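This is what each chain is made of:
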Amino acid sequence: MLAQTLAIAVQDQWQREVANQALHRFESLAVRWAVTARSGLRDHPETVFGADASAQDEIDFHGTVADAARQYLSLPKQRLVVLGEPGSGKSVFVARLLLDLLGERQDGPVPVLLPVRTWDPSSEHLNDWIVRELATLYYGRHEEVPRQLLLEGALIPVLDGLDEIAEAAQPHALAAIDRATGGRQPIVVTSRVAPYQAMVGESGVLVAAAVVELAPLDIDDVVVCLGRSVPVGDARWEPVIGYLRAHPPSPLAEALSTPLMVFLAQTAYGGRQDPATLIDTVQHMGSRRDIERHLVKALVPARYTAYPDPTHAQPRRAYSADQAQRWLGYLARNLQRTATRDIAWWQLAHFVPRAVLGVFFLVGGGALLGFAAAALFGTGVGIAVGVLGGAFFGFGGELVEAVFRLFGQHIDRSVPVPIHAVIHQGGRIRLIAGTFVAGGVGGLGFALALLAWQRLGSAWGSVVIVCALVACLVMVTGLGDVLRGPVSLTELTPRSILASDRTTATLRAIGLSIGVALGIVTLTRSDAGVVSAIGFGLVAALSGYGDSAWGFFLLTRCWLALTGRLPFRLMAFLEDAYRRGILRQYGPVYQFRHQHLQESLASP
């Protein structure tokens with residue numbers, strides 16, 4: 001039952017991705033593959049294809065993308081390596097393989113596509129990484145279900161982009177995969193050719209795995225694809241087709257030998273721009289690489305060309321090509337700088353100096369704390385509390401993170417709290433109740449501090465305040481365990497994880513502020529107590545929002561918008577870029593649809 005539920009979610013996710021990235025259009029391209037002819041990269045035929053296999057079985061193991069699932073299922077151990085250069089069709093291959101396997105699945109294992117670049121084989125076991133990735137993608141970071149599925153052999157990991165893991169860790173990759181799978185469990189791996197050759201040179205072949213390589217497109221394949229991209233009788237691509245026929249060894253023919261470049265050419269020149277202008281453009285370029293760079297750079301302007309929307313369709317937001325180029329370029333440069341491909345909204349806080357965020361909390365929190373304390377303890381104490389409390393409010397988090405780092409642990413307050421998969425299952429009530437109790441303890445502590453201040457002196461009053469703050473913080477920190485409930489599979493998207501974290505922050509703010517306010521009013525029962533309750537309640541609400549990923553994101557996007565780096569409605573812009581095919585979605589993050597595009601946008 002657990003495997004079937006995951007299979008439905010994975011199938012739905014990748015059907016949408018294939019449609020959004022227009023990968024189905026490549027079915028007219030005969031992307032061919034066969035066992036690689038390169039020596040030293042594959043295991044013996046009898047190990048891969050069975051005891052009675054021979055070299056002929058290797059020769060017979062070939063086909064197009066449409067044959068991938070059938071041929072894969074014919075492998076006794078279902079272990080496969082797919083090699084190809086950038087843009088050669090590896091994404092098309094694995095997407096079609098995954099969907100066809102899911103379509104033919106009865107009670108067998110579930111294929112799950114996992115970009116492997118975040119795995120460090122020298123320090124983390126592959127099984128632990130797979131469990132963590134699946135938990136992040138589908139189970140709200142709870143690892144129980146994915147670990148159970150992995151132990152039951154209910155998964156076929158599709159490790160996409162083995163060449164993208166850290167270069168220093170690549171020599172350990174194939175040996176680590178063999179150790180984790182025992183040379184028997186099903187697995188699919190994709191990689192560029194040269195890095196894979198280097199990995200094999202370091203640790204040997206992947207045991208019992210068929211190693212296939214995607215072939216470049218020939219002129220006939222490209223001609224058929226270009227012709228089928230327009231209606232019957234439409235001859236707009238004829239000048240390009242004629243040029244390719246007349247100049248088969250030209251840089252343009254070499255550039256269009258990969259599915260990615262064919263797609264980019266169709267996108268840039270298949271609409272309002274006459275394809276014949278492509279010939280005029282490339283004649284001034286001296287190499288295949290120049291043409292590829294030109295086609296990549298043409299994608300964003302082509303996708304942001306204004307087209308009329310169909311009647312009753314929801315209109316797209318009016319972003320100009322220049323705006324999109326500038327904003328996407330800013331994101332791409334930061335991704336390149338941090339050596340990642342993930343556009344995670346909660347990580348955007350790292351694009352903003354912490355001092356900017358800290359000053360906001362220092363001023364806002366300090367003013368509210370000073371106002372609340374002055375109502376109870378007088379103006380002098382209010383000023384002192386405002387200054388000291390504001391400093392801690394603004395930069396105490398950095399102090400806490402520094403202390404944790406001293407003990408070898410890393411915490412990041414900008415990461416979403418891991419309860420988005422269970423908050424709808426009684427989690428809201430538990431969250432409000434827990435924060436209300438925690439806030440109430442803090443409010444009662446402040447009220448008791450006032451009584452101690454009045455009757456026992458300022459020293460004892462200060463001690464009670466510190467104890468109240470510590471008790472409140474400990475209770476709030478322990479809310480993660482209180483909220484842990486039954487885990488259900490839920491496909492996480494950037495929008496859904498943002499909404500759940502915003503809900504979490506709001507519930508925390510409500511519970512804390514009401515608890516603090518009622519705790520103070522209950523014991524003080526004075527006008528000053530009411531004023532202080534309002535002030536401390538607002539401080540608690542600010543704390544509930546400020547200590548959340550959504551709170552950091554709200555301030556981050558405001559700052560980036562004010563400085564002109566990104567639009568204020570950032571999520572709407574990213575969703576629009578996703579619908580236009582500039583971005584793709586991988587669970588809770590966006591990515592540029594190809595590394596070439598990210599690198600192109602990041603360049604000056």
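Below is a summary of the structure that appears in this document. Predicted model only: the values in this text are computed from it and were never measured. Throughout this description, residue numbers start from 1 for each chain and increase along the sequence as written. Per-residue local features are limited, in this predicted model, to residues with pLDDT of at least 70; the limit for side-chain atom pairs, both in listing and counting, is 80 or more; totals at the level of whole chains, interfaces and linings are taken over all residues. Side-chain metrics in this entry use all non-hydrogen atoms of the structure; hydrogen atoms and water are not considered.

### Topic: the overall build of the protein
Condition: The helix count covers DSSP runs of H or I at least four residues long, the strand count covers runs of E at least two residues long, and both are numbered beginning at the N terminus. Exposed residues in this analysis have more than 50% of their type's maximum accessible area, buried residues have under 20%, and partly exposed residues fall in between, with area computed by a 1.4 Å probe over protein chains only. What makes two residues a contact is simply this: any of their non-hydrogen atoms within 4.5 Å. Surface accessibility in these figures is a Shrake-Rupley result with a 1.4 Å probe; residues are shielded only by whichever protein chains are displayed.
Helix and strand content of the protein: 27 helices and nine strands. Taking all 604 residues of the protein together, the buried fraction comes to 51%. Expressed as a percentage of contacts within the protein between residues at least 6 apart in sequence, the contacts between residues at least 24 apart total 78%. Counting only carbon and sulfur atoms, one obtains 60% of the accessible surface of the protein, whose full area is about 26800 Å².

### Quick notes on the packing of aromatic side chains
Each aromatic ring pair is summarised here by two numbers: the centre-to-centre distance and the angle between the ring planes. To keep things clear, this is the line we draw: Geometry of aromatic contacts follows a simple scheme: Phe, Tyr and Trp rings, the Trp one being its six-membered ring, pair when their centres are within 6.5 Å, and the pair is stacked under 30 degrees between planes, edge-to-face over 60, tilted otherwise.
Here the structure, examined in full by the defined rule, presents 10 aromatic pairs. Here the aromatic rings of Tyr-319 and Phe-573 are separated by 5.2 Å at their centres, their planes lie at 80°, and the arrangement is edge-to-face. Residue Tyr-319 is located in the loop between helix H16 (299-303) and helix H17 (321-337), and its partner Phe-573 is located in helix H26 (residues 570-579); the two are separated by 254 residues in the primary sequence. Phe-573 shares its class with Tyr-319; the two are buried. Aromatic pair Trp-345 and Phe-553: ring centres 5.4 Å apart, planes at 65°, arrangement edge-to-face. Of this pair, Trp-345 sits in the loop between H17 and helix H18 (354-377) while Phe-553 is found in helix H25 (residues 549-562), placing the two residues 208 residues apart along the sequence. With relative accessibility at 3%, the residue Phe-553 sits in the buried group. Here the aromatic residues Trp-33, Phe-49, Phe-61 and Phe-93 are joined through ring pairs into a cluster of three or more.

### Quick notes on the pattern of salt bridges
Should the charged atoms of two oppositely charged side chains come close, the side chains can pair. Stated precisely, the cut-off is as follows: Any Lys or Arg side-chain nitrogen found within 4 Å of a carboxyl oxygen on Asp or Glu counts as a salt bridge.
Here the structure, examined in full by the defined rule, presents 19 salt bridges. One salt bridge in this structure joins Arg-147 and Glu-143, with 3.4 Å as the shortest N-O distance. Measuring nitrogen to oxygen at the nearest pair gives 2.6 Å for the salt bridge that ties Arg-245 to Asp-220. Taken together, the residues span a long stretch of sequence, with Arg-245 in helix H11 (residues 238-246) and Asp-220 in helix H10 (residues 219-228) at a distance of 25 residues. One salt-bridge network, held together by shared partners, links Asp-128, Glu-143 and Arg-147.

### Looking at unusual backbone geometry
The phi dihedral of Gln-78 is positive, around 50°, even though this residue is not glycine. A relative accessible area of 18% places Gln-78 in the buried class. One non-glycine residue, Ala-339, adopts positive backbone phi at about 55°. As for its position among the elements, Ala-339 is in the loop between H17 and H18.

### A few points about empty space enclosed by the protein
Selection criterion: Using only the protein atoms, space was sampled on a 1 Å grid; points where a 1.4 Å probe fits but cannot get out form cavities, open sets with protein on both sides within 12 Å along at least five of seven lines form pockets, and lining residues are those with an atom within 4 Å of a point. Grid points are joined across faces, edges and corners, and a volume is the space filled by probe spheres set on the points. The classification used treats Ala, Val, Leu, Ile, Met, Phe, Trp, Tyr, Cys and Pro as nonpolar, Asp, Glu, Lys and Arg as charged, and all other residues, Gly among them, as polar.
Within the structure shown, the criterion is met by four cavities of 30 Å³ or more. Put simply, the largest cavity is a space of about 140 Å³. Trp-14, Gln-21, Leu-113, Asp-160 and Arg-584 are, among the 14 residues lining the largest cavity, the residues nearest its centre. Of all the secondary-structure elements, those providing two or more residues to the lining of the largest cavity are helix H1 (2-20), helix H5 (90-104), strand S4 (110-115) and strand S8 (583-586). Its residues assigned to classes, the lining of the largest cavity comprises seven nonpolar, four polar and three charged. What the second largest cavity holds in volume is close to 50 Å³. Residue lining of the second largest cavity: Leu-260, Leu-264, Val-296, Leu-299, Arg-593, His-594, His-596 and Leu-597, and that is the complete set. Residue assignment for the lining of the second largest cavity shows that the elements contributing at least two residues are helix H13 (259-269) and helix H27 (595-602). Taken together, the residues of the lining of the second largest cavity break down into five nonpolar, two polar and one charged.

### Here's the deal with the sheet that holds strand S5 (residues 155-160)
How we decide: Strand pairing is assigned whenever DSSP detects at least two bridges linking the two strands. Here, axes are lines fitted to C-alpha atoms. For helices the fit covers the stretch in contact, and angles between N-to-C directions go from 0 to 180 degrees.
With mixed pairing, the seven strands of this open sheet are ordered in space as S2-S1-S7-S3-S6-S5-S4. The sheet is open, and its two edges are formed by strand S2 (62-64) and S4, each paired on a single side. This sheet shows a mean twist of 20° between the axes of neighbouring strands, independent of strand direction. Bridge analysis of strand S3 (residues 79-83) against strand S6 (residues 187-191) gives five bridges, and the strand direction is parallel. Each residue of the ladder has a partner; that of Leu-80, found in S6, is Val-188.

### What about a nonpolar patch on the surface?
To keep things clear, this is the line we draw: Each patch is built from residues lacking any salt bridge and having more than 30% relative accessible area; the joining distance is 9 Å for like charges and 5 Å for nonpolar side chains (Val, Leu, Ile, Met, Phe, Trp, Tyr).
On the surface, a cluster of nonpolar side chains totalling about 330 Å² of accessible area is made up of Phe-436, Ile-510, Ile-514 and Leu-518. The biggest single contributor to the nonpolar patch is helix H23 (residues 494-524), with three residues. Turning to its location among the elements, Ile-514 is positioned in helix H23.

### Looking at the environment of Leu-149
In this structure, Leu-149 sits in helix H7 (residues 144-151). In sequence terms Leu-149 and Val-110 are 39 residues apart; their C-alpha atoms lie 9.3 Å from each other. With sequence-adjacent residues up to four places away left out, Leu-149 is seen in contact with Leu-2, Ala-3, Leu-6, Tyr-139, Ala-154 and Leu-155.

### A word on H10
The following threshold applies: Here a polar contact means two N or O atoms within 3.5 Å. Within protein one must be a hydrogen donor candidate and the other an acceptor candidate, and residues neighboring in sequence count only if both atoms are side-chain atoms.
Listed in full, the buried residues belonging to H10 are Ile-219, Asp-221, Val-222, Val-223, Cys-225 and Leu-226. Elements in contact with the buried residues of H10: strand S1 (32-35), H11, helix H12 (251-255) and H13. Where H10 begins, the side chain of Asp-218 points an oxygen toward the backbone nitrogen of Asp-220, at a separation of 3.2 Å.

### Topic: H11
Put simply, the rule reads: Note: the arc covers the axis-to-C-beta directions of the helix.
Within H11, burial applies to Val-240, Ile-241, Tyr-243 and Leu-244. All buried residues of H11 project into a common sector of 160° when viewed along the axis, lining one side. Elements in contact with the buried residues of H11: H10, H12 and helix H14 (276-282).

### What about the layout of surface pockets?
Empty space within the second largest pocket amounts to approximately 990 Å³. Lining the second largest pocket are 38 residues, and of these Asp-163, Glu-164, Arg-341, Arg-584 and Gln-595 lie nearest its centre. Per element, the largest residue contribution to the lining of the second largest pocket is four residues, and it comes from H27. For the lining of the second largest pocket, a count of residues per class yields 11 nonpolar, 16 polar and 11 charged.

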